[in-house]
Number of protein chains: 2
Amino acid sequence: MTGTEGLPMTVHGRGLPDRVRIHEVGPRDGLQNEKSVVPTEIKAEFIRRLAASGLTTVEATSFVHPKWVPQLADAEKLFPMVSSLAGVRLPVLVPNDRGLDRALGLGAREVAVFASATESFAKANLNRTVDEALAMFEPVVTRAVEHGLRVRGYLSMCFGDPWEGPVPLAQVVRVCRRLVDMGCDELSLGDTIGVATPGHVAALLTELGGAGVPVDRLAVHFHDTYGQALANTLAALQHGVGVVDSSAGGLGGCPYAKSATGNLATEDLVWMLHGLGIETGVDLGRLTATSVWMAEQLGRPSPSRTVRALSHKE
Amino acid sequence: MTGTEGLPMTVHGRGLPDRVRIHEVGPRDGLQNEKSVVPTEIKAEFIRRLAASGLTTVEATSFVHPKWVPQLADAEKLFPMVSSLAGVRLPVLVPNDRGLDRALGLGAREVAVFASATESFAKANLNRTVDEALAMFEPVVTRAVEHGLRVRGYLSMCFGDPWEGPVPLAQVVRVCRRLVDMGCDELSLGDTIGVATPGHVAALLTELGGAGVPVDRLAVHFHDTYGQALANTLAALQHGVGVVDSSAGGLGGCPYAKSATGNLATEDLVWMLHGLGIETGVDLGRLTATSVWMAEQLGRPSPSRTVRALSHKE
């Protein structure tokens with residue numbers, strides 16, 4: 001795992017932020033589609049190791065109905081095992097009022113809601129129209145804000161949709177504005193099927209700026225389905241985005257399956273950010289060791305190129 | 001293979017070229033490290049299919065001594081099988097005078113020489129110092145130019161070197177100038193171990209411009225060892241580079257092995273370029289089908305994310 005420290009030359013990219021906050025989604029988004037249920041103790045240890053590697057935001061779990069996501073049915077048991085970790089924000093997903101109650105009851109300080117930019121995905125994922133889903137989230141967000149919680153709004157299908165094709169920018173901007181207006185502190189722009197390219201990313205960010213959505217409220221969430229995630233991230237950084245979602249070891253969605261989600265691997269992201277002289281606070285060696293350990297728990301190798309390269313060194 | 005046409009929204013990136021020429025290296029760089037020798041007829045068919053998919057430059061083979069690269073020992077048999085293909089440039093690698101003689105004898109119109117930016121790699125790869133290697137190439141380049149051939153100069157280890165670490169920009173610039181001065185039409189800047197990040201790429205291109213090496217003579221050759229190839233390509237395009245090397249299906253270097261070279265996959269590159277509204281002339285469906293076919297010949301799946309995503313669709 002050693003021997004590569006200092007190998008990439010650090011050359012700061014012009015106009016890029018000095019620091020990026022990585023929103024680590026491995027324990028939630030990365031694990032939620034795993035078929036065999038990961039033991040709660042392993043999940044807790046995963047979160048502890050991610051925090052120990054320097055990640056400051058680790059999305060811990062989801063308070064959705066256990067029937068929807070069996071893998072995360074242990075949220076009530078898991079969250080208290082990690083909630084006292086120092087120096088790390090532990091957002092949790094809440095789909096509705098009942099989920100918020102459970103999160104509040106366990107002392108969560110940060111929650112996330114999950115909206116869609118397209119009607120087809122809102123229907124498929126939430127069995128609602130886009131506006132019905134927003135109406136469902138609004139009281140949840142309001143109440144979370146009243147309790148002093150930070151609220152993140154995830155927005156799926158911001159670039160392409162498997163049923164509708166390319167998603168018009170104005171359609172994404174409209175939902176973003178609604179989420180900001182209802183009180184979301186941060187929006188995570190998701191390329192759920194991984195089709196975006198850097199010009200499209202730049203165009204959406206420009207459009208959002210023009211519509212008065214401040215860039216410091218924006219995060220990007222790219223998938224590597226077509227290998228575009230890191231190039232798209234670079235485009236987002238060049239437009240002032242300072243929060244990037246990624247998943248340790250690239251967990252989440254099998255790159256071999258048709259339904260590949262292929263989260264951007266945190267290690268590949270950290271390699272680029274550190275090479276660009278952008279601080280993350282992450283110790284890449286410890287993070288890679290964590291992903292190697294987690295890959296052993298899951299019984300298959302990490303799809304992250306950086307994890308593979310670093311873990312095959314002597 | 002169908003059903004994705006039109007999925008990515010095309011949004012032209014500001015300041016990017018309208019057209020990029022892809023220098024396809026699959027048949028040479030992609031195959032040279034394959035352990036089991038690929039039949040010559042399969043190689044010829046691979047080149048024919050690559051050309052039929054719209055690639056206009058396909059590096060066909062190498063006239064090195066068969067002892068060095070047994071996989072390409074059939075160069076003399078292979079080249080005449082494809083040399084009459086219309087509309088496609090077929091450069092071949094020549095290491096020395098004898099290699100050039102063989103290439104000229106078969107009617108090659110374009111050759112490439114292989115230099116190193118670092119002493120360690122020059123020693124390891126060519127058993128010479130950097131300057132001794134340049135001195136060896138100079139008469140080859142001169143004679144090729146006299147015969148009216150186009151000459152490409154490959155430059156390895158332009159960013160990092162496994163023995164020396166980060167490579168000083170001035171060291172790369174010096175060798176580039178020498179290659180241009182001796183008559184190379186095009187330089188391919190190689191990130192042989194895949195460690196570069198976009199700021200480093202931008203800095204080297206800026207330095208080369210300042211030293212009078214015209215950007216229209218430059219190509220970039222990135223490896224995906226750490227997942228950085230496409231982000232680095234974007235940085236190069238933003239600096240005016242219009243020729244990009246890649247390998248169909250990501251052939252060349254196993255991503256699982258320590259010695260992974262991990263060529264940028266042509267399909268991942270084409271996805272980005274087309275999304276950016278940059279013309280390549282490539283039919284992505286035909287190219288992906290070619291890589292799927294080649295993966296069947298080699299008996300293992302392509303590491304290209306785009307090939308995997310497109311070939312798993314109905």
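Residues numbered from 1 in each chain as written. Chains lettered and ligands numbered in written order. Predicted model: local features only at pLDDT ≥ 70, side-chain atom pairs only at ≥ 80, totals over all residues. Heavy atoms only, no water.

- An unreviewed UniProt entry lists chain A under the name Hydroxymethylglutaryl-CoA lyase, with Streptomyces pristinaespiralis as the source organism.
- As its UniProt record puts it under Sequence similarities (unreviewed entry), chain A is described as follows: "Belongs to the HMG-CoA lyase family." (UniProt positions renumbered as here; feature names shortened; annotations may be inferred.)

### Considering the overall build of chain A
- Scanning chain A from terminus to terminus reveals 12 helices and 11 strands.
- In terms of C-alpha radius of gyration, chain A reaches 18 Å, essentially the compact-globule figure of 20 Å for 314 residues.
- Referenced to the eigenvectors of the C-alpha coordinate spread, the extents of chain A come out at roughly 55 × 45 × 40 Å.
- Burial statistics for chain A: of 314 residues in total, 62% are counted as buried.
- By sequence separation, contacts in chain A at least 24 residues apart represent 76% of the contacts at least 6 residues apart.
- When the accessible area of chain A is evaluated, it comes to approximately 11200 Å², of which 53% is carbon and sulfur surface. (Helix = DSSP H or I, 4+ residues; strand = E, 2+ residues; numbered from the N terminus. Rg over C-alpha atoms; globule rule 2.2 N^0.38 Å. Buried < 20%, exposed > 50% of the residue type's maximum accessible area, 1.4 Å probe, protein only. Contact = heavy atoms within 4.5 Å. Areas by Shrake-Rupley, 256 points an atom, 1.4 Å probe, with all protein chains shown as cover.)

### What to know about the environment of Asp-268 of chain B
- For Asp-268 of chain B, the position within the fold is in helix H10 (residues 266–275).
- On the basis of relative accessibility, which here comes to 3%, the residue Asp-268 of chain B falls in the buried class.
- When the C-alpha atoms of Asp-268 of chain B and Gly-249 of chain B are compared, they prove to be 8.6 Å apart, with 19 residues separating the residues in sequence.
- Apart from residues lying up to four places away in sequence, Asp-268 of chain B is in contact with Tyr-226, Gly-227 and Gln-228 of chain A together with Leu-230, Ser-304, Arg-305 and Thr-306 of chain B.
- Within polar-contact distance, the side chain of Asp-268 of chain B engages the side chain of Thr-306 of chain B at 3.0 Å. (Polar contact = N/O pair within 3.5 Å; in protein donor to acceptor, adjacent residues only side chain to side chain.)

### So, the interface of chain A and chain B
- Each side of the interface is counted separately: chain A has 49 residues, and chain B has 49 residues.
- Summing the contributions of chain A and of chain B, the shared interface buries around 4200 Å²; its carbon and sulfur component is 61%.
- Ionic pairing is found between Asp-224 of chain A and Arg-305 of chain B, a salt bridge with its closest N-O pair at 4.0 Å.
- Seen at the junction of chain A and chain B, the total is 11 residue pairs in polar contact (both at pLDDT 80 or more).
- Taken together, the elements giving at least two residues each to the side of chain A that touches chain B come down to strand E8 (165–166), helix H8 (198–210), helix H9 (229–238), helix H10 (266–275) and helix H12 (305–311) of chain A.
- For the side of chain A that touches chain B, the per-class residue count stands at 24 nonpolar, 16 polar and nine charged. (Buried area = accessible area lost by both parts, 1.4 Å probe. Salt bridge = Lys/Arg side-chain N within 4 Å of Asp/Glu carboxyl O. Nonpolar A, V, L, I, M, F, W, Y, C, P; charged D, E, K, R; others polar.)

### Considering the relation of the copies chain A and chain B
- Screw-axis analysis of chain A against chain B gives a translation of 0.0 Å along the axis, an RMSD of 0.0 Å, and a rotation angle of 180°. Taken together, the rotation angle and the small translation identify this as a two-fold axis. Nearest to the rotation axis, the C-alpha of Ala-231 of chain A is located 2.0 Å from it, this being the minimum over chain A. (Least-squares fit on C-alpha atoms with pLDDT ≥ 70 in both.)

### Considerations on unusual backbone geometry
- At Asn-127 of chain A, a residue that is not glycine, the phi angle is positive and equals roughly 55°.
- Counting through the fold element by element, Asn-127 of chain A comes out in the loop between helix H5 (119–126) and helix H6 (130–146).

### Let's talk about the pattern of salt bridges
- All told, the structure shown has 39 salt bridges over all chains when counted by the stated rule.
- In this structure, the salt-bridge partner of Glu-59 of chain A is Arg-28 of chain A, at a minimum N-O distance of 2.6 Å. A residue pair is termed long-range when its members are at least 10 positions apart, and Glu-59 of chain A in the loop between strand E2 (57–58) and strand E3 (61–62) and Arg-28 of chain A in helix H1 (residues 26–30) qualify at 31 residues.
- Here Arg-49 of chain B and Glu-45 of chain B are joined by a salt bridge, their closest N and O atoms 2.9 Å apart.

### Regarding the side chain of Thr-40 of chain A
- Along the chain, Thr-40 of chain A turns up in helix H2 (residues 40–52).
- Here Thr-40 of chain A is in contact with Asp-74, Lys-77, Leu-78 and Met-81 of chain A, once residues within four sequence places are set aside.

### A short note on the sheet that holds strand E3 (residues 61–62) of chain B
All names here are of chain B.
- Strand order in the open sheet formed by nine strands is E2-E1-E11-E10-E9-E6-E5-E4-E3, with parallel pairing between adjacent strands. A strand with exactly one partner marks an edge of an open sheet, and here the two such strands are strand E2 (57–58) and E3.
- Where strand E4 (residues 92–93) lies against strand E5 (residues 110–116), two bridges are found, and the strand directions are parallel. Paired with Leu-93 across the bridge in E5 is Ala-112. (Pairing = 2+ DSSP bridges.)

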